[in-house]
Amino acid sequence: LKTLRGSALHLSAGEYVAGNHVVEGLDSRSLDIECVLDPGEALWIGLLFEGVEALRYDVRSQTMRILDREHSWPLEDDGTLALRVLFDVNCLEAFGPRGLKVISGIYSLSTLDNQDDTAPFFSLRAHGGPMRVDSMAVYPLRSIWQESNK
């Protein structure tokens, strides 16, 4: 998978107030995201793809929701949320550290209808209070399908 990665784009480490925070410069609908987030005072943290909040972490209940699926997902011992997220057009998978946790989902037709092609392609949302990004690297992914030479 790493051989398909383009150059990383980053959301700078630091504190982020409640609201949406866009990773600028993305032009791919396939992404490999590695991040370590400190929920701080946020009630929940979301990842949005073209305006659709496809992933939400509820800090109080320590649950991860991807689209219509939800699972228990405790924070790490240091209180952070460490994730690797793979997004490909309408499929999303999230992995915890060392691959010990995984959750996935596929967009339904109604979710696809809610996509907004005028919205930023990818953004982080904090709700209820500030949170901290310890690290976030977003890699656009090239297609595995090679174009034939004509």
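The structure displayed is predicted, hence computed values, not measured ones.

Engineer: Is there a simple way to explain the nonpolar core in this structure?
Structural biologist: Within soluble globular proteins, side chains that are nonpolar tend to cluster in buried spots. Within the largest apolar cluster, 38 residues are counted, with the highest numbers of intra-cluster contacts made by Phe49, Phe122 and Met136. Within the residue set of this core, elements represented by two or more residues are strand E4 (30-38), strand E5 (44-49), strand E6 (52-58), strand E7 (63-66), strand E9 (81-88), strand E10 (91-95), strand E12 (122-127) and strand E13 (131-140). The contact partners of Phe122, leaving out residues within four places of it in the chain, are Val22, Val23, Leu26, Leu31, Ile33, Leu47, Leu48, Phe49, Met136 and Val138.

Engineer: Teacher, can you tell me more about the packing of aromatic side chains here?
Structural biologist: How two aromatic rings sit relative to each other is given by the distance of their centres and the angle of their planes. Summed over all chains, the structure comprises four aromatic pairs. Centroid distance Phe49 to Phe121: 6.5 Å. Interplanar angle 70°. Geometry classified as edge-to-face. Within this pair, whereas Phe49 is found in strand E5, its partner Phe121 is found in the loop between helix H1 (109-114) and E12, the two being separated by 72 residues in sequence. Phe49 sits in the buried class, given a relative accessible area of 0%.

Engineer: For this particular structure, what's the right way to read the sheet that holds E5?
Structural biologist: Taken in spatial order, the six strands make up an open sheet running E3-E12-E5-E6-E7-E8, and their pairing is antiparallel. Both outer strands of the open sheet, strand E3 (19-22) and strand E8 (69-72), are each paired with one neighbouring strand and no more. Sheet twist, expressed as the mean angle between neighbouring strand axes with direction ignored, is 20°.

Engineer: It is not clear to me how the pattern of salt bridges should be interpreted in this structure. Could you clarify?
Structural biologist: If charged atoms from side chains of opposite charge come close, those side chains can pair. Scanning the model with the defined rule gives ten salt bridges in all. Among the ionic pairs, Glu34 bridges to Arg84, the shortest N-O distance being 3.9 Å. One end of the pair, Glu34, is in strand E4; the other, Arg84, is in strand E9, and 50 residues separate them in sequence. For Glu34, a relative accessible area of 29% gives the class partly exposed. The partly exposed category is assigned to Arg84, whose relative accessible area is 24%. Between Glu76 and Lys101 there is a salt bridge, with the nearest N and O atoms lying 3.4 Å from each other. Placement of the pair is Glu76 in the loop between E8 and E9 and Lys101 in the loop between E10 and strand E11 (102-106), with a sequence separation of 25 residues. Salt bridges linked by common partners bring Arg5, Asp32, Glu34 and Arg84 together as one network.

Rules and cut-offs
- Residues numbered from 1 in each chain as written.
- Predicted model: local features only at pLDDT ≥ 70, side-chain atom pairs only at ≥ 80, totals over all residues.
- Heavy atoms only, no water.
- Core = buried A, V, L, I, M, F, W, Y, C linked by side-chain atoms within 4.5 Å.
- Buried < 20%, exposed > 50% of the residue type's maximum accessible area, 1.4 Å probe, protein only.
- Helix = DSSP H or I, 4+ residues; strand = E, 2+ residues; numbered from the N terminus.
- Contact = heavy atoms within 4.5 Å.
- Phe/Tyr/Trp six-rings, centres within 6.5 Å; stacked < 30°, edge-to-face > 60°.
- Pairing = 2+ DSSP bridges.
- Axes fitted to C-alpha atoms, helices over the stretch in contact; angles between N-to-C directions.
- Salt bridge = Lys/Arg side-chain N within 4 Å of Asp/Glu carboxyl O.

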